[in-house]
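The lines below spell out each chain.
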Amino acid sequence: MNLIDGLQNAINYMEDNITEDIDYDKIAEVACSSSFHFQRIFQIVCGYTLGEYIRSRRLSLAAEELYNKNVKVIDVAFKYSYNSCESFSRAFTKFHGISPSQVKSGNSNLKSFFKLSIKIVIEG
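Residues numbered from 1 in each chain as written. Predicted model: local features only at pLDDT ≥ 70, side-chain atom pairs only at ≥ 80, totals over all residues. Heavy atoms only, no water.

**Overview of the overall build of the protein chain**
In step 1: Secondary structure summary: the protein chain contains 7 helices and 0 strands in total.
In step 2: The order of helices and strands in the protein chain, counted from the N terminus, is α-α-α-α-α-α-α.
In step 3: Taken over the C-alpha atoms alone, the protein chain extends approximately 50 × 35 × 20 Å along its principal axes.
In step 4: Classification of the 124 residues of the protein chain by burial places 39% in the buried group.
In step 5: Relative to all contacts within the protein chain whose residues are 6 or more apart in sequence, the contacts with residues 24 or more apart total 57%.
In step 6: Counting only carbon and sulfur atoms, one obtains 48% of the accessible surface of the protein chain, whose full area is about 7,600 Å². (Helix = DSSP H or I, 4+ residues; strand = E, 2+ residues; numbered from the N terminus. Buried < 20%, exposed > 50% of the residue type's maximum accessible area, 1.4 Å probe, protein only. Contact = heavy atoms within 4.5 Å. Areas by Shrake-Rupley, 256 points an atom, 1.4 Å probe, with all protein chains shown as cover.)

Structure representation (structure tokens):
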């Protein structure tokens, strides 16, 4: 497996398990790498740490659910692996600039953080 395939497999694994507790060692295993080297390569290639990527994806998906569905904030917080509504609310507000409860009003600008797709093009 080459580096690009390994990175994409790891991203796909993270996306498939975004609502679960994600083990960095398992992500690296999916990419056929050690955890240390994978985390360094991921940050260099993608520009984010694994933690930043996972947190940003979770908060983006949580905002989408709060906006489009009639769900409780506490349910969304627990779904995306936050231990309390308060910690979720703090992270959500820091990321989006508004509280989770303000999303329900419908007139909010939310950040979107889309799934990464690794493609490298080399031109001469």
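**Remarks on the packing of helix α1 (residues 3-16) against helix α4 (residues 50-68)**
In step 1: Two elements in contact, α1 and α4, have axes separated by 11 Å at closest approach and are oriented at 40°. Taken together, α1 and α4 sit at an angle that is classed as oblique. Helix-helix and strand crossings are classified by hand; for α1 and α4 the assignment is right-handed. Contacts between α1 and α4 involve Ile11, Met14 and Glu15 on the former and, on the latter, Leu50, Tyr53, Ile54 and Arg57.
In step 2: By residue class, the composition of the contact of α1 with α4 is 5 nonpolar, no polar and 2 charged. (Axes fitted to C-alpha atoms, helices over the stretch in contact; angles between N-to-C directions. Parallel < 35°, antiparallel > 145°, perpendicular 65-115°, else oblique. Left-handed = near helix turned anticlockwise from the far one by under 90°. Nonpolar A, V, L, I, M, F, W, Y, C, P; charged D, E, K, R; others polar.)

**Topic: the environment of leucine 59**
In step 1: Locating leucine 59 in the fold gives a position in helix α4.
In step 2: Expressed as a C-alpha distance, the spacing of leucine 59 and tyrosine 82, which sit 23 residues apart in the sequence, is 10 Å.
In step 3: Those residues in contact with leucine 59 that sit more than four places away from it in its chain are Tyr82, Phe88, Ala91, Phe92, Phe95 and His96.

**Regarding the nonpolar core**
In step 1: Met14, Ile27, Phe38, Phe42, Tyr53, Phe88 and Phe92 are the most contacted members of the largest nonpolar core, which has 34 residues in total.
In step 2: If you list the elements that add at least two residues to this core, you get α1, α2 (24-30), α3 (35-46), α4, α5 (73-79) and α6 (85-96).
In step 3: If you tally residues by element for this core, the top one is α4, at 8 residues.
In step 4: Apart from residues lying up to four places away in sequence, phenylalanine 38 is in contact with Leu7, Ala10, Ile27, Ala28, Ala31, Ser33 and Leu50. (Core = buried A, V, L, I, M, F, W, Y, C linked by side-chain atoms within 4.5 Å.)

**What about the layout of surface pockets?**
In step 1: Size it by volume and the largest pocket reaches roughly 150 Å³.
In step 2: Taken together, Arg57, Ser60, Leu61, Ala63, Glu64, Tyr67, Asn68, Leu110, Lys111, Ser112, Phe113 and Phe114 form the lining of the largest pocket.
In step 3: Counted by class, the lining of the largest pocket contains 6 nonpolar, 3 polar and 3 charged residues. (1 Å grid on protein atoms, 1.4 Å probe; cavity = no way out; pocket = protein on both sides within 12 Å on 5 of 7 lines; lining within 4 Å. Points joined across faces, edges and corners; volume = space filled by probe spheres on them.)

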